[in-house]
Amino acid sequence: MLSKFENFANNSELFGLKVPVLSLRFLQLVTTFLHWQMPSLLTRCIICLLYCVASITTAIARELYVDCTSGSSTGECNVTAPCRSIQQAVLTLQRNIPSVIWVAASAPCRESSIQLGLKVQLQLAGLGGRAAIQFTGANGFSARDSQLSISAVSLSGARTAVMSNNTNLKLEDVTFESNGLAVAVEPASAAVNLTMSRCRFRQNLAAITAQLAIGSVLDVSNCDFANNGPDRNIVHVFGAGARVRIRDSLFVSSTLRVDVDALFGVVNITLDKGGAIEIERCRWENNIIHLEHALYTAVILRAESGATAVRDAVFANNHLLAMPVPTAVTNVVFESTLVAIVSTNLAPQPPPIVTDVLFLNNSVFADLHLTSSALLSVEGGIAQIKGGAVVSNVLMLHNAFSAASSASSGPNLASSLLLVSAANAVENITLQDCAVSISLASLSYVGTLSATGERVSGLAVARCSVQLDARLPYASQVVGGLLIVQVASEHPVLDDVIVRGNRFVTQSSAATTQINGGLALFNFQTLT
C-alpha cells in the first residue's frame, strides 16, 4: 500500500524545509503547555507566533488518502493507512483548513451522497490516473459556503453529481457520465467563481444548471458536451449582473424533446442587470430538437445579456423539428430559431462583436396543425442577432427553413434564415444555396437575409430560393424578398451588395391578397 503514495510523503514545509506533520502537532501541544506555565508577555508573544506558524503549516500539510480497494474503514486516511471511502475522509475535514483528498485510481469507489460541512476548503483529485466515483442513484458532492476543487476523476450514476451553493467551484479534467444532472449551482447570496476546464459531459440528462448572483463569473473552457439529453436544457445559466465565458468547447449529438411551455436549449444563457456573455471558438454539431408543444421556444444556442459577443463559432448539421400535438390553445406564439444572440443594451461601449460565424447544413421545419381560432404569431429562422453589435464575416451554406400552418385564422410571420436587427454595423454576410418555404402569412416579412443597422455593406445572396404560398383564404398581404435591408442612421450607408442566381416564387388565390416582393427590398431612413 505504501508504494502507491510513496511520492506523497506526509510532510509540510516550514520556511522552505520539510517538517513532519507530527512534529508540527507536537509543537502545538508544547506551545499550549508553555502558555499555562510561563504567562509572561514576551513568552506569550513567542508562543503565539509559534502556534500560528504551526497552525498554518499544519493546514497546508493536511493530506488525506483514499483507496477504495485496499483501504480500511478504520484507517486514519494517511499514507500508510488510507481510508476505504471518500465519505470516511470527508468526515475528518475541519472548517477553514485547506485539505487535499487523494483518491487512488486502482478501482472504482462506490459512494452515496457526500455532503461537505460549512466553510470547507477541499481539493479532491485522482492519484495514479483518473479515479472513478460511482454514486448509487443519490446526489453526489454537495458543498455550501465552501471552496471545492475536483480534478482527475469521473463521476457517474448520480441524480446531481456536483451541487454547490455560495461555493467557489473549480472542475478540471473531470468526466461526468450517465448522471441526471452533472453540475447544479444553486441561488447564491454572494458572488462566486466557477471554473470548468478540460471536462467531458457525456450521456447525462442535463449538463449544467446555474443561477448566478451579481458579480459571479462562470468560465468554461476546452470542454466537450456529447450525447446528452433529452432533458429540456443541456446548459442553462441565468441570473443578474454575472459574467459568462465559454471558450474552445464542443456541443455535439444532443437530443432535446420539449413538451411544455418554456424556453429550452442546448446552451441557454440569459443574464440581466448588466450581465455579459463571451463565446469564442466553439462548435455546435449534430444536435436535434423536437418541439411538441404549441407555446414554446427552443434553441441550439441562446445568449442574451447586456453585451453578448460571439467569435469564431460553427453551427453544423443541427435540426429543429416542430410538430406540436393538435390542441385548442389561444394566443399562440411560435418561435423557432436555432441560434439567438441578443444584446439588451442597444448602445454598449464598446459594442459587442459577432464575427467569424459559420452556419452549415442546418434546418428548421415547423408543421403547425392547431385547432385554435386565435391569431398565430410565428417568428423563426436559422439565426437571429439582435442588439447594438457589430456583425461581420457570417457565412451560411445549405441551410433551410420551412413553416406551414392549418390554423383557422391568419397568422403573422416575421422570418428569415438570418435576421440581424438594431445592429451597429452589418458587414460581409454571405448566404449561398439556402431555401425558405412558407405556407402561411397574413402579414409576412420573409426572406433569406433581413438586416437592419446603421451601416450595411458586403452582402451576398447566391443560389437561394424563397417560396411564399399565400393561397389560404384569409391571406391579405405578403411582403417578402430574398434580401430585405433597412438602414437607419444620421448618415445611412449601404454598399457592395450582390444578389445572383436566386429564385423568388409567390402563389396566391385570394382576391384580397397583395404581394410585395422581389429579389431585394431596401428601406432608407435618415435620423436627425
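Residues numbered from 1 in each chain as written. Predicted model: local features only at pLDDT ≥ 70, side-chain atom pairs only at ≥ 80, totals over all residues. Heavy atoms only, no water.

Before going further, it helps to spend a moment on the state of the cysteines. Using the criterion set out here, one finds two disulfides in the structure. Two residues, cysteine 68 and cysteine 109, share a disulfide whose sulfurs are 1.8 Å apart. An S-S torsion of about 100° defines the bridge between cysteine 68 and cysteine 109 as right-handed. Of this pair, cysteine 68 sits in the loop between strand S3 (63–66) and helix H3 (86–90) while cysteine 109 sits in strand S5 (residues 109–111); the two residues are 41 residues apart in sequence, bridging distant segments of the chain. For the pair formed by cysteine 68 and cysteine 109, the shared burial category is buried. In the protein, the bonded cysteines, numbered by position in the sequence, are linked as 1-4, 2-3. Cysteine 199 takes part in no disulfide bond, and the closest cysteine sulfur to it belongs to cysteine 223, at a distance of 4.5 Å. Sulfur of cysteine 434: no disulfide; nearest cysteine sulfur belongs to cysteine 464 and is 4.0 Å away. Looking at cysteine 434, the relative accessible area reads 3%, which means it is buried. (Disulfide = S-S within 2.5 Å. Helix = DSSP H or I, 4+ residues; strand = E, 2+ residues; numbered from the N terminus. Buried < 20%, exposed > 50% of the residue type's maximum accessible area, 1.4 Å probe, protein only.)

The subject of this paragraph is the pattern of salt bridges. Applying the stated criterion to the full structure yields 13 salt bridges. Of the charged contacts in the structure, one is a salt bridge between aspartate 173 and arginine 200, with a shortest N-O distance of 2.7 Å. Residue aspartate 173 is found in strand S12 (residues 168–177), and its partner arginine 200 is found in strand S15 (residues 200–202); the two are separated by 27 residues along the sequence. Taking relative accessible area as the criterion, aspartate 173 reaches 17% and is therefore assigned buried. Aspartate 219 is the partner of arginine 247 in a salt bridge, and the nearest nitrogen-oxygen pair spans 2.7 Å. One end of the pair, arginine 247, is in strand S20 (residues 243–247); the other, aspartate 219, is in strand S17 (residues 217–221), and 28 residues separate them in sequence. Overall, the relative accessible area of 10% leaves aspartate 219 in the buried class. Connected through salt bridges with shared partners, the residues Asp248, Glu280, Arg281 and Arg311 form a single ionic network. (Salt bridge = Lys/Arg side-chain N within 4 Å of Asp/Glu carboxyl O.)

Below, the discussion takes up the pairing of strand S40 (residues 455–462). The buried fraction of S40 amounts to six of the eight residues, a majority that puts the element mostly inside the structure. Of the pairings in the sheet, the one linking strand S37 (residues 425–432) to S40 comprises six bridges and is parallel in character. The partner of isoleucine 429 across the bridge, within S40, is leucine 459. Sheet topology note: the S40/strand S43 (residues 493–500) ladder contains seven bridges and is parallel. Paired with leucine 459 across the strands is valine 497, a residue of S43. (Pairing = 2+ DSSP bridges.)

What follows concerns the environment of aspartate 367. Position of aspartate 367 relative to the elements: it lies in strand S32 (residues 363–368). Taking the C-alpha atoms as reference points, aspartate 367 and leucine 321, 46 residues apart in sequence, are found 8.3 Å from one another.

Averaged over all residues, the pLDDT of the protein is 80; the fraction at 70 or higher stands at 72%. pLDDT under 50 marks residues 1–27. Its contacts with residues more than four places away, or in other chains, come to 53 contacts. Contacts for the low-pLDDT stretch residues 54–59, under 50 throughout, to residues beyond four places or in other chains number 13 contacts. (pLDDT = per-residue confidence, 0-100. Contact = heavy atoms within 4.5 Å.)

Along the chain, glycine 229 connects to proline 230 via a cis peptide bond; the corresponding omega equals 5°. Within the element layout of this structure, proline 230 appears in the loop between strand S18 (224–226) and strand S19 (233–240). Phi is positive for asparagine 286, close to 60°, though the residue is something other than glycine. Mapping asparagine 286 onto the fold places it in the loop between strand S25 (283–285) and strand S26 (288–291). Positive phi outside glycine occurs at asparagine 361, with the angle close to 60°. Relative to the helices and strands, asparagine 361 resides in the loop between strand S31 (353–360) and S32. What makes asparagine 361 partly exposed here is its relative accessible area of 31%.

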